[in-house]
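# Fold and contact review
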Amino acid sequence: YPITAAQVQGISQESELKTAWLYKFGRYVEWPKNAVPDDEKTFFIGVLGKDLFGANLDTIAATKTVQGKKIVVRRFDSAKDYLPCHILFVSASGTEKSEEKDAAARLKAALEKTKGSAVLLVSDTKGFSSKGAIISFVIEENLLKLEINPSAAQRAGLKISSDLLGLSVVKIVKDTTGSN
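Quick look at the structure, then. (Residues numbered from 1 in each chain as written. Predicted model: local features only at pLDDT ≥ 70, side-chain atom pairs only at ≥ 80, totals over all residues. Heavy atoms only, no water.)

Okay, the side chain of Ser129 next. With respect to the secondary-structure elements, Ser129 resides in the loop between strand S6 (120-123) and strand S7 (135-140). Setting aside anything within four residues of it in sequence, one finds Ser129 in contact with Ile134, Ile135, Ser136, Glu147, Asn149 and Val173. (Helix = DSSP H or I, 4+ residues; strand = E, 2+ residues; numbered from the N terminus. Contact = heavy atoms within 4.5 Å.)

Sheet strands associate in pairs through backbone hydrogen bonding, adopting either a parallel or an antiparallel arrangement. Pairing in this open sheet of eight strands is mixed, and the strands run S3-S4-S2-S5-S6-S7-S8-S10 from one edge to the other. A strand with exactly one partner marks an edge of an open sheet, and here the two such strands are strand S3 (65-66) and strand S10 (170-172). Examined bridge by bridge, strand S2 (residues 42-48) and strand S5 (residues 87-90) share four bridges and lie parallel to one another. Bridge assignment links Leu48 to a residue of S5, and that residue is Val90. Against the sheet, helix H3 (residues 103-114) engages S2, S5 and S6, with an angle of about 160° to S5. (Pairing = 2+ DSSP bridges. Axes fitted to C-alpha atoms, helices over the stretch in contact; angles between N-to-C directions.)

Residues Phe25, Ile87, Leu120, Val122, Ile134, Leu146 and Leu158 are the most contacted members of the largest nonpolar core, which totals 34 residues. Here the element with the most residues in this core is helix H1 (residues 5-28); it accounts for four residues. In contact with Leu120, other than residues within four places in its own chain, are Phe25, Val29, Trp31, His86, Ile87, Leu88, Ile134, Ile135 and Leu158. With 13 residues, the next largest nonpolar core counts Leu48, Ala109, Val119 and Leu121 among its residues. (Core = buried A, V, L, I, M, F, W, Y, C linked by side-chain atoms within 4.5 Å. Buried < 20%, exposed > 50% of the residue type's maximum accessible area, 1.4 Å probe, protein only.)

In structure tokens, the structure reads:
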């Protein structure tokens, strides 16, 4: 089936909104000092799997800062390529070079790679926030909403602002991983 112009525009708008949120999370989340090597000068945002942000994220990185720090974007085909980041977005889609063939495998690999680290794991797969990701983007009633797992954030040593938790687009989810 051909994709309509409205669908393309919808995809573009969704990508722009998700990109803006990735940037805004830097203002709503508090990381411990030295969470990432070289983090006194640099704020790292990583993308694991297919990069749906593209130029939008690069533009933000080139023109904005987070907590006075320069933004650097790191892209990873596979979790084995991962380098420390403040935010790691785990894409629902992989790349051609991905070792993790589906979103669940990508999340599992990302959780293993970042265990014990102060990393804000973000996904675009509904339900992943209850499986260890801290924030998941979900579309409900044609609106972009956020599922947030405060238990996962606490385990990662992150403090999420009550300003973010109180937004109408936020749904608090319980952790089903069994670890608190």
